[in-house]
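Here is how the chains run, residue by residue.
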Amino acid sequence: MPIATVNPATGETLKTYDALGAEEIERRLAAADTAFRAHRTTTFAERALRMHRAAELLDQDQQHIARVMTTEMGKPIKQARAEAAKCAKAMRWYADHAERLLADEEPADDDVKDSGASWAIVRYRPLGPVLAVMPWNFPLWQVVRFAAPALMAGNVGLLKHASNVPGTALYLEDLFRRAGFAEGCFQTLLIGSGEVEKVLRDPRIKAATLTGSEPAGRAVASVAGDEVKKTVLELGGSDPYIVMPSADLDRAAEVAVTARVQNNGQSCIAAKRFIAHTDVFDAFAERFTAGMAALKVGDPMEEETEVGPLSSERGRADLEELVADAVGKGARVLRGGERPDRPGWYYPPTVLADITPGMRIHQEEAFGPVATLYRAADLDEAVAIANDTPFGLSSNVWTHNGVELDRFVRDLEAGGVYVNGMTASHPAFPFGGVKRSGYGRELSEHGIREFCNITTVWHGA
């Protein structure tokens, strides 16, 4: 895949980039190694000063970088600005909290004495250069939620971004440089996917993080495992959205629309499978389908646009194949389902019902504005449908019944359970999944500690 900015609203290639050669890759690896030796010795106060400056610069650049993101991958411009603001917020959060999150821990006095020590502590130390392989769908946020904690912990980063968002990738390198981070602390590698293995195997790279597809995650995990290097993987998701009889149906349906079509439906944590109790199924389906039909689809640069194009022609074709397979096997199209006659890679908000296990869309992630509806006879069936997926990223539950809530929290196989609201990431809360959605956690204290050497310091009596 060429490294290029291609406007998905028109299909026009705006700019192409040359991939880095072997000599430049080596130079950047050496720069990262050198930078780490110095950066790891800086104080939290010094790192925080630079991270706060990065947040300030990002706020100043918000309109510019929002337009870059929208041009490269098609998200509505208002959502692009919100993404930039969210990144600045996360930078400030880690700048303010990293020292506390990584403070030395003191074991209980009785345990210290029992070990034969006069004193002991647990210290969090940085690992070194971390390779980040990142996707195009949240081209700023996916990177910042790795970079902010990694840099604050004393690590340095090398970014291999998706090949269709090179402008965003280069902006990030420039942002951290302007903020005062030393040369080599954060670098963008404009390379193809075929170069990732070589970089990951380099002994100067100490760990890797990947957000992306399951095949990409398998490939990176396999190489890292062979090299015995730590990885964090955030892969696909096919999140359930469960609506029970005690729910506020109007609110549940309204939020369901946003939960499905955020980022043009191209989000791992977007709700994709909507499971309604039989007592409220018809009412929910009617409200939800009407909400999907009312969405404004159009030019993502226009302020009123709610759904823009998919990021690529291949992405739209993949989505069309899933829908065609489902319809061919008996699914009903309640809304949408046909490619519009217009330039760009648009696909309409679509609602499918009568989904059965033999359909591909029942097991595969639909990465676009396509929702599937399921009818559940009771709580047990709702849980069974929700868990009948290879993924386990997050989940959404609408209920005001305490007994039901306890069951959902206990039994849903997911990294998050969001009650009476939609899944959203926040720097204070851990984010990640189970099953084929990956392993490890980003954000919160769990995320900043993923790439730390958790060191026991023991002093004899």
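As the structure is a computational prediction, the values presented were derived from the model and not from experiment.

J.: Describe helix α7 (residues 166–178), with residues and values.
T.: Counted at 1.5 Å a residue, the expected span for α7 with its 13 residues is 18 Å, and the 18 Å between its end C-alpha atoms agrees. For α7, the complete set of buried residues consists of Pro166, Gly167, Thr168, Ala169, Tyr171, Leu172, Leu175 and Phe176. Immediately downstream of α7, the backbone of Gly180 shows phi near 110°, a positive value.

J.: Please set out empty space enclosed by the protein residue by residue, giving values where relevant.
T.: It is a probe the size of a water molecule, rolled over the atoms, that shows where empty space is left. For the structure on display, the rule yields four cavities of 30 Å³ or more. Of the volumes computed, that of the largest cavity is approximately 100 Å³. Every residue lining the largest cavity is counted, 13 residues in all, and those nearest its centre are Arg145, Phe146, Pro149, Gly447 and Phe451. Elements supplying a minimum of two residues to the lining of the largest cavity: α6 (141–153) and α16 (444–449). Take the lining of the largest cavity: its biggest share by element is four residues, from α6.

J.: Could you give me a rundown of the state of the cysteines, with the residues and numbers involved?
T.: Using the criterion set out here, one finds zero disulfides in the structure. Here Cys87 is not disulfide-linked; the sulfur of Cys268 is the nearest cysteine sulfur, at 16 Å. You can call Cys268 buried: its relative accessible area is 8%.

Reading the values: rules and limits
- Residues numbered from 1 in each chain as written.
- Predicted model: local features only at pLDDT ≥ 70, side-chain atom pairs only at ≥ 80, totals over all residues.
- Heavy atoms only, no water.
- Helix = DSSP H or I, 4+ residues; strand = E, 2+ residues; numbered from the N terminus.
- Expected span 1.5 Å × (residues − 1).
- Buried < 20%, exposed > 50% of the residue type's maximum accessible area, 1.4 Å probe, protein only.
- 1 Å grid on protein atoms, 1.4 Å probe; cavity = no way out; pocket = protein on both sides within 12 Å on 5 of 7 lines; lining within 4 Å.
- Points joined across faces, edges and corners; volume = space filled by probe spheres on them.
- Disulfide = S-S within 2.5 Å.

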